[in-house]
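Listed here are the chains, written in short residue letters.
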Amino acid sequence: MSANEPDHLEFRGKDLKECEQFIAAVNKYARAEGKLWEDQWIADFVATCVAGDALLWWSALDEETQRSWRRLRSAMLLRYRLRFAGKTGAEAEDFVDWVRQRALDLGKLNDVQWAAEFASGCFVGSALRWYMSLDRRVRGDWDTLQQAIFVQYGQEMEEGSCIIPTAAPAATSLVTAASAPVVNNGRRRGRIRVFTEGDSETYYLSKVLGINPNLHGRLYATKSVADALEVEYESLRASDGPQNLLIPDNQIKGFDMLGMKWYREDRTLSYNILAICGVNSTSGAASLDNPYIGPTLTTAWKVSQSDDHQISISVLDASRSGKRLVFLSNDPVGYRQLWFKLENNFGESNSKLIFEPI
């Protein structure tokens, strides 16, 4: 856009920035001419300024929009949108806020389908490829879509309870813990310590996904507190049923729930293992893929309260065999591999997961 002289204003429809600058320049010129409130006069003037792709777009508009600056201005702001490339968490926050502001301005804030359709034209590059990989139901609902955006692109920003997975309501042994502090929205937050009898080292469930062949996509145990994963659970939820452990603040990029995935489909096999992983609550994708081909569990943790009012997290049966799983670990090279199995048949260490509030 060139704005040295009013007669030389030009709009070619390059991007949102050019659009906003053009609208500001048109308003300034109209005010200088004493025509700021003459809707059709401004629209007629704008018709002489559009060129290139913008001219093709303008020519396809209905006459009522072409002859009203108020309508034309709104149409331009809908047409020339913010582009979202998914480069940073700050960009994601700005994009979601921009969509919400546009929806609010047009009285569409509660129309999740409209907002989702409006946002759909804004994705570019790798963000567009990610967007197209989402389930159609996610793409069609703004509330769900904005949650997915924050999960994928968000800012990187008590002696415990025994933690173990579940899918059926058969409780296991408990390890009690001091009450965890309540954080935002009635949630409790803490780290998960891996306790092994006779081991003097302190390990925590890591927020770093394994990358070697034995650990690829799995969560393992680390000695580094800085690398320890922090999780939250709903403290206000009924304690007699399984619930989710949430991963806040995009600690594991693209995954916002702590889950598990079976190595094989048949959960009755004695050698089958259940590995801990990250899960995307929107798409259902797990951080583990091949060779893990069994079911993924998310609502697989139970939080309960012991008789002395301490917080405990227990494991329920997830094997479909009627036999309770055991939590095992080993320490091959300075870190601990973690999994659940029906039995300890390879000499692994029997361990526990302890919730430590922060």
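No experiment lies behind these values; they were computed from the predicted model shown.

**Let's talk about the nonpolar core**
In terms of nonpolar packing, the biggest core is built from 25 residues, with F95, W142 and I149 touching the most fellow members. Counting residues per element, the ones that place at least two in this core are α6 (89-105), α7 (112-120), α8 (125-133) and α10 (142-153).

**Thoughts on the packing of aromatic side chains**
Tallying each qualifying case throughout the model produces 15 aromatic pairs. With a centroid separation of 5.1 Å and an interplanar angle of 20°, the aromatic rings of F11 and F22 are classed as stacked. Here F11, found in the segment before α1 (16-32), pairs with F22, found in helix α1; they are 11 residues apart in sequence, far enough to count as distant. For F11, a relative accessible area of 1% translates into the label buried. With a centroid separation of 5.6 Å and 75° between ring planes, the pair formed by W57 and Y80 is classed as edge-to-face.

**Brief notes about α10**
Across its 12 residues, α10 extends 16 Å between first and last C-alpha, which sits within 8% of the 16 Å expected from 1.5 Å per residue. The inward-facing, buried residues of α10 abut α6, α7, α8 and α9 (136-139). Between the side-chain oxygen at the start of α10 and the backbone nitrogen of D143 there is a gap of 3.0 Å, and the oxygen is on D141.

**Focus on the environment of R193**
With respect to the element layout, R193 can be found in strand β3 (residues 187-196). Put simply, R193 and L229 are 36 residues apart on the chain and 9.6 Å apart in space, counted from C-alpha to C-alpha. Among the polar contacts made by the side chain of R193, one reaches the side chain of E356 at a distance of 2.4 Å.

**Considerations on the pairing of strand β10 (residues 274-279)**
With six of six residues buried, β10 is to be regarded as a mostly interior element. Residue alternation in β10 divides its side chains into two sets, L274, I276 and G278 and A275, C277 and V279, and both sets are buried. Strand direction decides the pairing type here: strand β9 (residues 257-262) and β10, joined by six bridges, are antiparallel. Bridge pairing in β10 places M257 opposite V279.

**Observations concerning the pattern of salt bridges**
Applying the stated rule across the entire model yields 11 salt bridges. With its nearest N and O atoms 2.4 Å apart, the salt bridge here joins R193 to E356. Residue R193 is located in strand β3, and its partner E356 is located in strand β16 (residues 349-357); the two are separated by 163 residues in the primary sequence. For R193, a relative accessible area of 14% gives the class buried. According to the relative accessible area criterion, E356 is buried, its value standing at 13%.

**Some thoughts on unusual backbone geometry**
Positive phi outside glycine occurs at D249, with the angle close to 65°. Here D249 is to be found in the loop between β8 (245-246) and β9. The backbone of N250 shows a phi angle near 55°, a positive value even though the residue is not glycine. The residue N250 is located in the loop between β8 and β9 in this model. Overall, N250 belongs to the buried group, its relative accessible area being 9%.

Parameters and conventions
- Residues numbered from 1 in each chain as written.
- Predicted model: local features only at pLDDT ≥ 70, side-chain atom pairs only at ≥ 80, totals over all residues.
- Heavy atoms only, no water.
- Core = buried A, V, L, I, M, F, W, Y, C linked by side-chain atoms within 4.5 Å.
- Buried < 20%, exposed > 50% of the residue type's maximum accessible area, 1.4 Å probe, protein only.
- Helix = DSSP H or I, 4+ residues; strand = E, 2+ residues; numbered from the N terminus.
- Phe/Tyr/Trp six-rings, centres within 6.5 Å; stacked < 30°, edge-to-face > 60°.
- Expected span 1.5 Å × (residues − 1).
- Contact = heavy atoms within 4.5 Å.
- Polar contact = N/O pair within 3.5 Å; in protein donor to acceptor, adjacent residues only side chain to side chain.
- Pairing = 2+ DSSP bridges.
- Salt bridge = Lys/Arg side-chain N within 4 Å of Asp/Glu carboxyl O.

Structural measurements only, silent on function.
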